[in-house]
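Listed below are the residues making up each chain.
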Amino acid sequence: MRLVLDTNVVVAGMRSPTGASAALLMAARRGKITILANVALALEYEATCRRAEHMVAAGLKPKHVTVFIDAVIAMAEPVESHFLWRPQLRDPSDEFVLVAAVNGRAAAIVTFNNQDFGAVPMQFGIQVLSPADAIRRIKK
């Protein structure tokens, strides 16, 4: 299954190693799913994970956050963004997620903020799932 993880899912995976977000990252590591990311989304992952409040909540030092970010990006299949449809969403930072999903032919966008995406992804044949829903789909 080809998925694009919203930034909040990656941060949750860093902050809570036993949650559904971390389980998605482990599924990617085991080759059960493919994480897709373009350059803009990878940079957003990095900037957000490096915020002090996230590092403190995760109990990680900057060097460990670097290792985490590098691992997530290394697992991701790179997506070239040939087509842009901006603006489609209310939140401009969510546009990176949508662009990566459409250009990468993702089956789903995984996010905690389903309402932020509305029905727009379905116009491109892309579902919007919570991390828990994505894990349930993988286990089927």
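Up top you'll find the structure we're talking about.
Please read all numbers here as calculations on a predicted model, not as lab measurements. (Residues numbered from 1 in each chain as written. Predicted model: local features only at pLDDT ≥ 70, side-chain atom pairs only at ≥ 80, totals over all residues. Heavy atoms only, no water.)

Observations concerning the sheet that holds strand 5 (residues 127–129)
If you walk across this open sheet you meet the five strands as 3-2-1-4-5, and the pairing is parallel. This sheet does not close on itself; its edge strands, each paired only once, are strand 3 (77–78) and strand 5. Alignment of strand 1 (residues 2–5) against strand 2 (residues 34–37), held across two bridges, turns out to be parallel. Among the inter-strand pairings, Arg2 is bridged to a residue of strand 2, identified as Thr34. (Pairing = 2+ DSSP bridges. Helix = DSSP H or I, 4+ residues; strand = E, 2+ residues; numbered from the N terminus.)

Focus on unusual backbone geometry
In the Ramachandran plot, Arg105 falls in the positive-phi region, its phi being about 55° despite a non-glycine side chain. Summarising the element assignment, Arg105 is placed in the loop between helix 6 (94–103) and strand 4 (108–110).

Some thoughts on the pattern of salt bridges
Working definition: two side chains of opposite charge can pair if their charged atoms are close together. Summed over all chains, the structure comprises three salt bridges. Taking the shortest distance from any N to any O, the salt bridge between Arg136 and Asp133 comes out at 2.4 Å. You can see Arg136 and its partner Asp133 sitting in helix 9 (residues 131–139), three residues apart, about one turn around the helix. Take Asp133: its relative accessible area is 30%, and that puts it in the partly exposed class. (Salt bridge = Lys/Arg side-chain N within 4 Å of Asp/Glu carboxyl O. Buried < 20%, exposed > 50% of the residue type's maximum accessible area, 1.4 Å probe, protein only.)

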